[in-house]
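# What the coordinates show
So the chains spell out like this:
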Amino acid sequence: MSHWLCVLVQTPAHAAMGSVLSYRSESALPSGTLVRVPLGSRETLGVVWDVESAQATGEFDPAKIRSVAGTLEGIAPLSATWQQLVTFTANYYQRSLGEVALAALPPQLRELSPAQVQRRLKRSKPTTAPAVTNAGDSGLPRPNHASGPSLTAEQTAALDQIESQPGPFLLFGATGSGKTEVYLQAVQTLLSASPQAQALIMVPEINLTPQLEARFKARFAPLYGDDAVVSLHSGMTNPQRLKSWLAAHSGQARMVLGTRMAVFASLPHLRLIVVDEEHDPSYKSSEGARYSARDLAVYRGRLENAKVLLGSATPSLESWHHSRPAEAGGRYLRIAMPSRIGTLPPGPNNEATRAHQTTRTNAGTPDGLPLVRRVDMNHQPRNAVFSIPLLEAIKERVARGEQSMVFLNRRGYAPVLHCTDCGWKSECPHCSAFRVFHKIDRTLRCHHCGFTERVPRACPSCGNPDIAPLGRGTERLEEHLAELLADVRRPHTISAEFPEGEPVRVARIDADTTRLKGELQSQLAAVHAGDVDVLVGTQMIAKGHDFRRITLVAAVNPDGALFSSDFRAPERLFGLLMQAGGRAGRDANLGERSEVWIQTFQPAHALYAALKRHDYPAFANAQLRERLQAGLPPFTAQALVRAEARDQEAAQAFLNAASASAHNEMAQWEGWATVLDQITLYPAVPMSIQRVANVERAQMLVESPSRNALQQFLSAWQSVLHTTRKQPVGKGLFRWAIDVDPLAI
Ligand code: ADP
Ligand code: ZN
Ligand code: ZN
């Protein structure tokens, strides 16, 4: 007897046939089974899906239904909750089920035949049995902490909350307050309480996974074996990814560490999800289904009855708002850890600890956090890049053998090259943007489309040989700083060859210096080894890396974000400066004299004032008040529809036509007037970088005070967008896509 199955496959976006197809099978395969199915002239990977929830979108002509080609035996069907996660993601982010489901599986599964998968499975059977399974420990109130340091009072209090409350939790802990140790302990409690339980720990960047993996392996490999910890991120090769995925899916891996894609890992016994640096924009995908892994983690936690722990020193305003007191409607439990490790004596909470904490707080820099200094650039020589006091402070560090970090959020030598005679500028011929001057290889490079050319000898427009850089990026900053410090010597390196000491070593880390695999690691290692005195870089160096000997962090020109048209820019700037400050003085002995320098023309700005007090709550609450008044997220729900076309008019015309249909047609639909009343559709506008690689881009903002209404509207509006595309007004349109909860508008 043969059975009808619904199978999810990956079809081209917006393909007419949809992504849920019907197949025939000799046996009844449970939902979640991985299969190979014929699709056109090829064979592809598919996931059997619940017939109820997935209405097959393809034509149903029994005579044409083809048979499933094979099952990936040995791989258990994906769980019902995993399927629900995929369904939710597809619905919420307005993408097809097939696209989301297949993108959530390791790419190599798509390429392998059932027989090849069998061979992989045999090979990846655990070689060493876990040393201890301590299944019998579940009666203990708390596992022994023998393998970690003795906890601070703040850490103990945090763990008590995490154990006794359902969550989700927002762990609001200063950098260096021991958040990672809390994650480790929470995982340990969980793993020792149940022999199967699994934990998922996410970090925003691939670069941060090796150091996290090292810490987890050091702690847990002795207890649960080497195979208990696996990583999952896009920096891995496809075979490695498949191996990790299978280990997680089979339950053999107890801990999965990964970037945003790991939120879709199949974890049959998931009990805890940690999202470290939860505020980081990297958790939002910027292509395909534009999901937020942080938000999905919270959803998945509820779905699977797993605890969710979000951690940050500067939480996103969304999470901050969600963690307001429960009486005020908060849904997350906020746990604060304000003190840096090393500034409080470890051990149980006692009077001495608290008294110590109070005096520190009253003393200006609370709890060993660095001193924030604002340099008023209005009183510095015009066009000075480095103010005199900052330069002096850097020289002092050099004299003491300490390190400094200077950051500027713009790479390259100069953002524009221009002709002083005729006004020519280094525009990209394919984009509405300037090409950046990279001095090291004398190129003009477009950071949007990649178009690269040698720097012309003379102005292409008037022949003037005098074309000059305008503005500055990290490359020029590094060069400039090296010049300014050229005469400075390192007093600790006096030798026969260098009677006054060796010269200062200035280095740079940014996307340009770390293009090749392994370069970032080796450059970071050089900083750690003390081979660098002054490090120049982009925000890349401000994130997560644990530089112990840096005692000065300087933001050379951060004011731009104060006046940005992007309402999230101040939030990002504050987070970045706090993070950067968190890099300073991680070494407890140096913490006392660590400083964060901010060069600004707005020294009295409230953002910098709050930063000086290390007062994230004051900053966040002020921002939230502004957002409430302006009707911005998290007080409204937003979505963007982006359109790309041959010309700007076509892109905008498509969006405006779809908008008009919403007003004219959808309003006629039974019962839709009340939904539409809650929706605001703004006119289509060009995107801020309007043209990239000769494609014109426009966007339209959709807003609603009700997330539900917005969801309902978007789901229905999809079909309107599809229809609009087929009409004459859709001519010239290349593609369109919806971004729900967009991060950049
Ligand atoms: P965060 O993640 O909040 O930045 P970490 O967990 O990395 O902080 O802790 C900062 C440093 O303090 C690390 O070197 C860590 O090993 C150490 N540490 C954490 N907790 C303790 C503790 N209870 N006692 C001593 N050292 C600790
Ligand atoms: Zn010219
Ligand atoms: Zn370009």
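Residues numbered from 1 in each chain as written. Chains lettered and ligands numbered in written order. Predicted model: local features only at pLDDT ≥ 70, side-chain atom pairs only at ≥ 80, totals over all residues. Heavy atoms only, no water.

### Examining the overall build of the chain
Assigned secondary structure in the chain consists of 21 helices and 30 strands. Burial analysis of the chain (745 residues in total) assigns 53% to the buried set. Partitioning the contacts of the chain with sequence separation of at least 6, the portion at a separation of at least 24 is 75%. Put simply, the chain shows about 32,700 Å² of open surface, and 52% of that area lies on carbon and sulfur atoms. (Helix = DSSP H or I, 4+ residues; strand = E, 2+ residues; numbered from the N terminus. Buried < 20%, exposed > 50% of the residue type's maximum accessible area, 1.4 Å probe, protein only. Contact = heavy atoms within 4.5 Å. Areas by Shrake-Rupley, 256 points an atom, 1.4 Å probe, with all protein chains shown as cover.)

### Let's talk about the coordination of the zinc ion (ligand 2)
Bound to the zinc ion (ligand 2) are the protein donor atoms Cys 419 (SG), Cys 422 (SG), Cys 459 (SG) and Cys 462 (SG), situated 2.3 to 2.4 Å from the metal. The site at the zinc ion (ligand 2) holds 4 donor atoms, and with the angles between them running 105 to 113°, its shape is tetrahedral. Look at where the donors of the zinc ion (ligand 2) fall in the sequence and you get C-x2-C-x36-C-x2-C. By relative accessible area, Cys 459 is classed as buried at 3%. (Donors = N, O, S within 2.8 Å, 3.2 Å for Na, K, Ca; no water. Tetrahedral: all angles 85-135°; square planar, octahedral: opposite > 155°, others 65-115°.)

### Focus on the nonpolar core
The tendency in soluble globular proteins is for nonpolar side chains to be buried side by side. One finds Leu 34, Leu 105, Leu 109, Phe 713 and Trp 717 to be the most contacted residues of the largest nonpolar core, which totals 129 residues. What Phe 713 contacts, discounting residues up to four positions off in sequence, is Ala 662, Met 666, Trp 672, Val 675, Leu 676, Ile 679, Leu 681 and Val 702. In this structure, Ala 186, Val 187, Ile 201 and Val 203 belong to the second largest nonpolar core, which totals 31 residues. (Core = buried A, V, L, I, M, F, W, Y, C linked by side-chain atoms within 4.5 Å.)

### Some details on the site of ligand 1
In the vicinity of ligand 1, 17 residues are found, and the nearest of them are Ser 150, Gln 155, Gly 176, Lys 179 and Thr 180. In this structure, an oxygen atom belonging to ligand 1 sits 2.8 Å away from a main-chain N or O atom of Gly 176. In this structure, Arg 215 approaches ligand 1 through a side-chain N or O atom, which is 2.9 Å from an oxygen atom. A per-class count over the shell around ligand 1 returns 4 nonpolar, 8 polar and 5 charged. (Near = heavy atom within 4 Å. Polar contact = N/O pair within 3.5 Å; in protein donor to acceptor, adjacent residues only side chain to side chain. Nonpolar A, V, L, I, M, F, W, Y, C, P; charged D, E, K, R; others polar.)

### What about the pairing of strand β25 (residues 595–600)?
Here β25 lies mainly inside the structure; 6 of its 6 residues are buried. Alternating residues of β25 divide into Glu 595, Trp 597 and Gln 599 and Val 596, Ile 598 and Thr 600, and every residue in both groups is buried. In this structure, strand β13 (residues 371–376) lies alongside β25, joined through 6 bridges in parallel fashion. Bridge pairing links Val 372 to Val 596 in β25. Alignment of strand β24 (residues 550–555) against β25, held across 4 bridges, turns out to be parallel. Counted as the bridge partner of Ala 554 is Trp 597 from β25. (Pairing = 2+ DSSP bridges.)

### Topic: the sheet that holds β13
Sheet strands associate in pairs through backbone hydrogen bonding, adopting either a parallel or an antiparallel arrangement. Reading across from one edge, β13-β25-β24-β14-β23-β22 is the order of the 6 strands in this open sheet, with parallel pairing throughout. On the outer flanks of this sheet lie β13 and β22 (506–509), each paired with one strand and no other. Adjacent strand axes in the sheet meet at a mean angle of 20°, parallel and antiparallel pairs treated alike. Running at roughly 145° to β22, helix α14 (residues 519–528) makes contact with β14 (403–407), β22 and β23 (534–537) of the sheet. (Axes fitted to C-alpha atoms, helices over the stretch in contact; angles between N-to-C directions.)

### Notes on the packing of aromatic side chains
Under the criterion given, the structure shown has 17 aromatic pairs. Ring geometry for Phe 88 against Tyr 92: centres 5.5 Å apart, planes inclined by 20°, an arrangement best described as stacked. Note that Phe 88 and Tyr 92 are positioned in helix α1 (residues 80–92) at a spacing of 4 residues, about one turn of the helix. Given a relative accessible area of 26%, Phe 88 falls into the partly exposed group. Overall, Tyr 92 belongs to the buried group, its relative accessible area being 10%. Taken together, Phe 172, Trp 320, Phe 574, Tyr 616 and Phe 619 form an aromatic cluster joined through their ring pairs. The lysine or arginine in question, Arg 254, covers the ring of Tyr 224, its NZ or CZ lying 5.2 Å from the ring centre. One cation-aromatic arrangement involves Arg 334 over Trp 320; the distance from NZ or CZ to the ring centre is 3.4 Å. (Phe/Tyr/Trp six-rings, centres within 6.5 Å; stacked < 30°, edge-to-face > 60°. Lys NZ or Arg CZ within 6 Å of the ring centre and 35° of its normal.)

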